[in-house]
Amino acid sequence: MAAKNKILDSLHHLLIGFALTLKGINKISHHPVIGSIILLFGIIILGYFLYIVIKKHTDKTLVYIIHWFEAIASLFTAYVFFEEGATYLPYAFLLAAIGFFIAIIVHHTKKHPAH
């Protein structure tokens, strides 16, 4: 039961990794550098999700690093959507990036509590 809960808790890694991979593939011809970064981060995040599914174990430092990848890639994706003139998607990815940065702060404060 606990293994299923960990997979369900990590489902957002699958969703964001899949979205970033598709967006990176789509934008690599128009924005080669940003598209490559988004694609690379998407593949890394998908690899992390597969690691969670196979190993059924998460490392706190690895979670911290993956949240950084998700936050930065979400910001790049929001920038690309803003540049394309999309209406609502840039705000969704910007909100996701803010959420990942909040998760980073919470993770950091749990790891290093104030005395």
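So, here's what we can say about the structure.

The rules behind each value
- Residues numbered from 1 in each chain as written.
- Predicted model: local features only at pLDDT ≥ 70, side-chain atom pairs only at ≥ 80, totals over all residues.
- Heavy atoms only, no water.
- Helix = DSSP H or I, 4+ residues; strand = E, 2+ residues; numbered from the N terminus.
- Buried < 20%, exposed > 50% of the residue type's maximum accessible area, 1.4 Å probe, protein only.
- Contact = heavy atoms within 4.5 Å.
- Areas by Shrake-Rupley, 256 points an atom, 1.4 Å probe, with all protein chains shown as cover.
- Phe/Tyr/Trp six-rings, centres within 6.5 Å; stacked < 30°, edge-to-face > 60°.
- Expected span 1.5 Å × (residues − 1).
- Core = buried A, V, L, I, M, F, W, Y, C linked by side-chain atoms within 4.5 Å.
- Salt bridge = Lys/Arg side-chain N within 4 Å of Asp/Glu carboxyl O.

Turning next to the overall build of the chain. Helices and strands together make up the secondary structure of the chain, namely five helices and zero strands. Sequence-ordered secondary structure for the chain, helices as α and strands as β, is α-α-α-α-α. Here the chain, with 115 residues, has 32% of them falling under the buried criterion. Contacts in the chain between residues at least 24 apart in sequence constitute 65% of all its contacts with a sequence separation of at least 6. As presented, the chain carries roughly 7200 Å² of accessible surface, and 73% of it is formed by carbon and sulfur atoms.

What follows covers the packing of aromatic side chains. This structure, assessed with the given rule, holds four aromatic pairs. When the ring of F81 is compared with that of F93, the centres are 5.5 Å apart and the planes differ by 35°; the resulting orientation is tilted. You can see F81 sitting in helix α4 (residues 60–84) and its partner F93 sitting in helix α5 (residues 89–111), a full 12 residues away along the chain. For F93, a relative accessible area of 12% corresponds to the buried category. Between the aromatic rings of F82 and Y91, the centroid separation amounts to 5.3 Å while the plane-to-plane angle is 90°, which identifies the pairing as edge-to-face.

An α-helix turns once every 3.6 residues. As a result, residues three or four positions apart point the same way. For α4, spanning 25 residues, the distance from its first C-alpha to its last is 36 Å, which sits close to the expected 36 Å at 1.5 Å a residue. The complete set of buried residues in α4 reads V63, I66, H67, E70, A71, A73, S74, T77, A78, V80 and F81. Backbone geometry just after α4 places G85 at a positive phi near 90°.

Attention now goes to the nonpolar core. Within the largest apolar cluster, 18 residues are counted, with the highest numbers of intra-cluster contacts made by I16, L20, I38, I45, Y48 and F93. Those elements that provide at least two residues to this core are α2 (11–27), α3 (32–55), α4 and α5. Considering every element that reaches this core, the biggest residue donor is α4, with seven residues. When neighbours within four sequence positions are excluded, I38 is seen to be in contact with L20, K23, G24, A73, F76, T77 and V80.

A separate point is the environment of F81. When its relative accessible area of 9% is taken as the criterion, F81 is described as buried. Through-space distance from the C-alpha of F81 to that of F93 is 8.8 Å; in sequence the pair is 12 residues apart. When near neighbours in sequence (up to four residues on either side) are disregarded, F81 contacts K23, A86, L89, P90 and F93.

The final tally for this structure, using the stated rule, is two salt bridges. The closest approach of N and O atoms between K23 and E84, which form a salt bridge, is 3.4 Å. Note that K23 is positioned in helix α2 and E84 in helix α4, a separation of 61 residues in sequence. Between K27 and E84 there is a salt bridge whose closest N-O contact spans 2.3 Å.

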